[in-house]
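So the chains spell out like this:
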Amino acid sequence: MIISLQQYQTIYHNFCAKLPGNQTTWIKELREQALADFLQTGFPTTRNEEWRYTSLRQVEQANIQLTENTSPPLLTERNNALLQKASCQNQLEHLLEWVCINGQWLSSPTTNHSSTYSIQPLAELLNHQPECLVPLLNQTFDLAKHSNPFTILNNALMQNGVVIQVPENQTAMIHLIFLTTPTATLQASHLRNLIMLGKNAKATIIESYVGDDTDNYLTNTVTEIQLKENATLTHYKFQNESKKAFHFGTVYVKQAEPNSQFASHVISLGGLLSRSDTHALLDAPMTHCLLNGLYNLSGNQHMDHHTSIHHLKPQGTSQEFYKGILDGNAHGVFNGKVLVYQDAQKTNSQQSNQNLLLSETAEIDTKPQLEILADDVRCVHGATVGQLDEESLFYLRSRGLEKLAARRILTEAFLYDVINRMPHPALREQVKQCL
Amino acid sequence: MLQIENLHTSVENKEILKGISLSVNKGEVHAIMGPNGSGKSTLANVLAGREIYQVTQGSILYQGESLLDLAPEERARKGIFLAFQYPVEIPGVSNIYLLKAAFNALRKTRGLPEVDAMEFLNLVKAKMELVQMDPDLLYRSVNEGFSGGEKKRNEILQMLVLEPALAILDETDSGLDIDALKIVAHGVNALKSPDKAIILVTHYQRLLDYIVPDYVHVLAHGRIVKSGNAQLAHELEKHGYSDVSKVGE
């Protein structure tokens, strides 16, 4: 075993009694198997194609402790300010907002929702009703095939998160805010969210990850989503972590019944080193998937987005639009795979990644990939990398706009279509204000 | 208002303007004509502050002050406006947004507060009528998907809204049919006033049937080879540029 991995074994053994659900055999086994798998493979190096442009050396070498859930979370003035900034409570109607600080849900979240759906802290279910989790946990993707080391680590160390179930024909509108405010040591939160939408159910779920820009910590979050027949989920992920934080997040979506629709809107702004994955399994005819995302990074930020869309059955559609702006010494990575399997005839897929480099030292590695095994499909994909158009800049300046204002207008305009694809005007405004 | 003295400019070490001198007073309309490649557009762009052109010699005084060290936006705020030969398309920025941002930028320079949204909309709509533009174009992205004529009219609309002291029109007539040309000319004439000046850069005489210039200058090989009144334009139309061009060689 690599020395630096030993700390994970130590962490597990120090905390295993406190990890939720460990009194139940199958959960304990799941955790210990995952730990053994992780210790065996460790963190991937850049020789691993999936991690070619994102080095994990900083994470591997850091001494990262597990966040301890002992005392109730503190609502300091600083935390309150961060939460207020992230909140959409006043902008969106019928919204339920839950706040999680350092892996612990605030004791009295705003609970006056009409109970047309259920929402429960994961830790509670792990401890008291583990059998409820059987159809929800690790049910989206075969992890042996899609082995993201952070997902495996998440299986070993998951502390909390949320379980949302929207029954047949019901609707839900939920905002989850995950705030990390570390104490003295560098600490990690391993969060797991499980979402299930029943037949014809319709939901909007927003996940916000926030922290103070002076704090360093690690977030490892995994969200698993299952959509039943004709269910529609709009899922937002605001990654607005501290500029010193590590963020690893993966969203797994399984659409195993016909006519379901999944729309993902990813807004990535924070973190020193971050990677956001979205993987969708379209395992029924006529399923639809939209992956819409933007990233805006500067300074020494490193940000990686990996997505995969698996068309397994006929007549599915997928659209993917990711746009990024990179300034300073920032380094971005985009890797988008669309896989059309043999049975997935009449698939219609469109994918594009466009990047704007604002400095000579910013860098983007982009790789749209298409693998097609069916013969009657329509798939297009492409990627571009460009600079601000000098002609447009001069045009705006010649109308009296200052250089900085002109640059700002043009960069905002570059993201315009991605922002406009987000269906909630209030959230579009919030995105614009964060840029 | 504008004194250009022995102006030399080059782009990538190639000299384009080779000693231009020109004086424009308040209330005057000057036409700059000449064959392709004579330096007309260069002159227009140098006045607006386009950075790719280097001024290697000479001076430009505007309202008694040298323009050469001023950024394009500073020139705009002092009342210089360039109507582009090829207006830029800016997807994602609405026409009304640009108009308002530009209008407020000029107001800010004059120490005035930002304009009220409703008031501004009424002002813009009135100007749009002058150039017969569809009000729907206000909410479209700047010039995106506009026809050639719509783009040129949009330039004139911006000019009418910003009310510059010195308007420079770079081949605004090119690519316009006769109806559109009349509309554009009508817009330009609406700006004319005793305290404003207009410089028309054009290849053809036909625009000057509708906007009558006080002076016509012929540019060839980077120099003004002939100046005269509106009559000169008619002569050029008849005989072409070949005779006058020889002077500049």
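Here's what I pulled together on the structure shown here. (Residues numbered from 1 in each chain as written. Chains lettered and ligands numbered in written order. Predicted model: local features only at pLDDT ≥ 70, side-chain atom pairs only at ≥ 80, totals over all residues. Heavy atoms only, no water.)

## Section: the overall build of chain B
Here is step 1 of the chain: What chain B contains, in helices and strands, is 8 helices and 12 strands.
Here is step 2 of the chain: What you see for chain B is a C-alpha radius of gyration of 18 Å, in line with the 18 Å of a compact globule of 249 residues.
Here is step 3 of the chain: Taken over the C-alpha atoms alone, chain B extends approximately 55 × 40 × 35 Å along its principal axes.
Here is step 4 of the chain: Taking all 249 residues of chain B together, 56% fall into the buried category.
Here is step 5 of the chain: Of the contacts made within chain B by residues no fewer than 6 positions apart, 70% connect residues no fewer than 24 positions apart.
Here is step 6 of the chain: Just so you have it, chain B exposes about 10900 Å², and 48% of that area is on carbon and sulfur atoms. (Helix = DSSP H or I, 4+ residues; strand = E, 2+ residues; numbered from the N terminus. Rg over C-alpha atoms; globule rule 2.2 N^0.38 Å. Buried < 20%, exposed > 50% of the residue type's maximum accessible area, 1.4 Å probe, protein only. Contact = heavy atoms within 4.5 Å. Areas by Shrake-Rupley, 256 points an atom, 1.4 Å probe, with all protein chains shown as cover.)

## What about the environment of Leu356 of chain A?
Here is step 1 of the chain: By the element assignment, Leu356 of chain A lies in strand β18 (residues 348-357).
Here is step 2 of the chain: Measuring from C-alpha to C-alpha, the distance between Leu356 of chain A and Glu257 of chain A comes to 38 Å, with 99 residues separating the pair along the chain.

## Brief notes about unusual backbone geometry
Residue and element names in this part refer to chain B.
Here is step 1 of the chain: The residue Glu12 is not glycine, and still its phi comes out positive at about 50°.
Here is step 2 of the chain: Inspection of the secondary structure puts Glu12 in the loop between β1 (2-11) and β2 (14-24).
Here is step 3 of the chain: The backbone of Gln63 sits at a positive phi, close to 50°, despite the residue not being glycine.
Here is step 4 of the chain: By the secondary structure assignment, Gln63 is in the loop between β4 (54-62) and β5 (65-66).

## Structural notes on the pattern of salt bridges
Here is step 1 of the chain: Evaluation of the coordinates by the stated rule reveals 26 salt bridges over all chains.
Here is step 2 of the chain: Across the pair Asp283 of chain A and Lys313 of chain A runs a salt bridge, and its minimum N-O distance is 3.0 Å. Of this pair, Asp283 of chain A sits in the loop between β13 (273-282) and β14 (288-297) while Lys313 of chain A sits in the loop between β15 (302-311) and β16 (317-326), and the two are 30 residues apart along the sequence.
Here is step 3 of the chain: One salt bridge in this structure joins Glu89 of chain B and Lys151 of chain B, with 3.0 Å as the shortest N-O distance. Remark: Lys151 of chain B occurs in helix α5 (residues 148-162) and Glu89 of chain B occurs in the loop between β6 (80-83) and β7 (90-94); sequence separation between them is 62 residues.
Here is step 4 of the chain: Assessed through its relative accessible area of 17%, Lys151 of chain B is described here as buried. (Salt bridge = Lys/Arg side-chain N within 4 Å of Asp/Glu carboxyl O.)

## Notes on the nonpolar core
Here is step 1 of the chain: One finds Leu294 of chain A together with Leu2, Ile4, Leu166 and Ile199 of chain B to be the most contacted residues of the largest nonpolar core, which totals 66 residues.
Here is step 2 of the chain: The element contributing the most residues to this core is helix α8 (residues 403-420) of chain A, with 8 residues.
Here is step 3 of the chain: The contact partners of Leu166 of chain B, leaving out residues within four places of it in the chain, are Met1, Leu2, Tyr62, Gly79, Ile80, Phe81, Ala197 and Ile199 of chain B. (Core = buried A, V, L, I, M, F, W, Y, C linked by side-chain atoms within 4.5 Å.)

## Focus: the packing of aromatic side chains
Here is step 1 of the chain: The full count for this structure, using the stated rule, is 14 aromatic pairs over all chains.
Here is step 2 of the chain: Aromatic pair Tyr322 of chain A and Phe334 of chain A: ring centres 5.4 Å apart, planes at 40°, arrangement tilted. You can see Tyr322 of chain A sitting in strand β16 and its partner Phe334 of chain A sitting in strand β17 (residues 331-340), a full 12 residues away along the chain. For the pair formed by Tyr322 of chain A and Phe334 of chain A, the shared burial category is buried.
Here is step 3 of the chain: With a centroid separation of 5.6 Å and 45° between ring planes, the pair formed by Phe394 of chain A and Phe84 of chain B is classed as tilted. Taken as a pair, Phe394 of chain A in helix α7 (residues 390-397) and Phe84 of chain B in the loop between β6 and β7 lie in two separate chains rather than in one. You'll find Phe394 of chain A and Phe84 of chain B in the same group, each marked buried.
Here is step 4 of the chain: Within the aromatic cluster, the residues linked to one another by ring pairs are Tyr8, Phe38, Phe43, Trp51, Phe150 and Phe248 of chain A.
Here is step 5 of the chain: Against the face of Trp51 of chain A rests Arg275 of chain A, its NZ or CZ located 3.9 Å from the ring centre.
Here is step 6 of the chain: Looking at Arg421 of chain A, its charged tip hangs above the ring of Phe321 of chain A, at a distance of 3.8 Å from the centre. (Phe/Tyr/Trp six-rings, centres within 6.5 Å; stacked < 30°, edge-to-face > 60°. Lys NZ or Arg CZ within 6 Å of the ring centre and 35° of its normal.)

## Remarks on the interface of chain A and chain B
Here is step 1 of the chain: Contacts between the two partners involve 17 residues from chain A and, on the opposite side, 32 residues from chain B.
Here is step 2 of the chain: Buried area between chain A and chain B, both sides added, is near 2000 Å², and the carbon and sulfur share of it is 61%.
Here is step 3 of the chain: Area buried by chain A at its contact with chain B is led by Phe394, Tyr395 and Arg399 of chain A, which between them contribute 39% of it.
Here is step 4 of the chain: If you look at where chain A meets chain B, you find 5 salt bridges.
Here is step 5 of the chain: Between Arg50 of chain B and Glu391 of chain A there is a salt bridge, with the nearest N and O atoms lying 2.8 Å from each other.
Here is step 6 of the chain: Inspection of the chain A/chain B interface yields 11 residue pairs in polar contact (both at pLDDT 80 or more).
Here is step 7 of the chain: At the level of elements, α7 and α8 of chain A are the ones that each hand at least two residues to the side of chain A that touches chain B.
Here is step 8 of the chain: In terms of residues, the side of chain A that touches chain B owes the most to one element, α7 of chain A, which gives 6 residues. (Buried area = accessible area lost by both parts, 1.4 Å probe. Polar contact = N/O pair within 3.5 Å; in protein donor to acceptor, adjacent residues only side chain to side chain.)

## Regarding the sheet that holds β4 of chain B
Pairing between sheet strands relies on hydrogen bonds along the backbone, with the strands arranged either parallel or antiparallel.
All names here are of chain B.
Here is step 1 of the chain: The sheet built from 4 strands is open, its strands ordered β2-β1-β4-β5 with antiparallel pairing. Of all the strands in the sheet, just β2 and β5 have a single pairing partner and so form its edges.
Here is step 2 of the chain: Where β4 lies against β5, 2 bridges are found, and the strand directions are antiparallel. Of the residues in β5, the one forming a bridge with Tyr62 is Glu65.
Here is step 3 of the chain: Contacts from helix α1 (residues 40-48) reach β1, β2 and β4, with the element oriented near 110° to β1. (Pairing = 2+ DSSP bridges. Axes fitted to C-alpha atoms, helices over the stretch in contact; angles between N-to-C directions.)

## Structural notes on the packing of helix α3 (residues 95-109) of chain B against helix α4 (residues 117-130) of chain B
Think of two packed helices as two axes; the pair is described by the angle between the axes and how far apart they sit.
All names here are of chain B.
Here is step 1 of the chain: The geometry of α3 relative to α4 is characterised by a closest axis approach of 11 Å and an angle of 110° between their N-to-C directions. As summarised for this structure, α3 and α4 are arranged roughly perpendicular, according to the angle between their axes. Counting all contacts with α3, which are made through Ile96, Leu99, Lys100 and Phe103, the residues of α4 involved are Ala117, Phe120, Leu121, Leu123 and Val124.
Here is step 2 of the chain: Here the contact of α3 with α4 is built from residues that sort into 8 nonpolar, no polar and 1 charged. (Parallel < 35°, antiparallel > 145°, perpendicular 65-115°, else oblique. Nonpolar A, V, L, I, M, F, W, Y, C, P; charged D, E, K, R; others polar.)

## Concerning helix α4 (residues 77-86) of chain A
Residue and element names in this part refer to chain A.
Here is step 1 of the chain: Turning to α4, its buried residues are Asn79, Leu82, Leu83 and Ala86. Down the axis of α4, the sector holding all buried residues measures 95°, keeping them to one side. Away from the buried face of α4 by more than 90 degrees, exposed residues Glu77, Gln84 and Lys85 are located. (Arc of directions from axis to C-beta.)

## Here's the deal with the sheet that holds strand β12 (residues 261-268) of chain A
Residues and elements named next belong to chain A.
Here is step 1 of the chain: The strand order across the open sheet built from 10 strands is β3-β2-β6-β8-β10-β12-β14-β16-β18-β20, with neighbouring strands paired in mixed fashion. In this open sheet, the two edge strands, each paired with only one partner strand, are β3 (104-105) and β20 (378-386).
Here is step 2 of the chain: Here β18 runs beside β20; their pairing, made up of 9 bridges, is parallel. Bridge pairing links Ser352 to Gly382 in β20.
Here is step 3 of the chain: Contacting β14, β16 and β18, α8 crosses the sheet at an angle of about 160° to β16.
Here is step 4 of the chain: Packed onto the sheet, helix α9 (residues 425-434) meets β8 (202-211), β10 (232-240), β12 and β14 and runs at close to 20° relative to β10.

## Considering the side chain of Ser268 of chain A
All names here are of chain A.
Here is step 1 of the chain: By the element assignment, Ser268 lies in strand β12.
Here is step 2 of the chain: Judged by relative accessible area, Ser268 falls into the buried class, the value being 1%.
Here is step 3 of the chain: There is a polar contact of 2.8 Å between the side chain of Ser268 and the side chain of His305.
Here is step 4 of the chain: With sequence-adjacent residues up to four places away left out, Ser268 is seen in contact with Gln239, Ser276, Leu294, Tyr295, Asn296, Met303 and His305.

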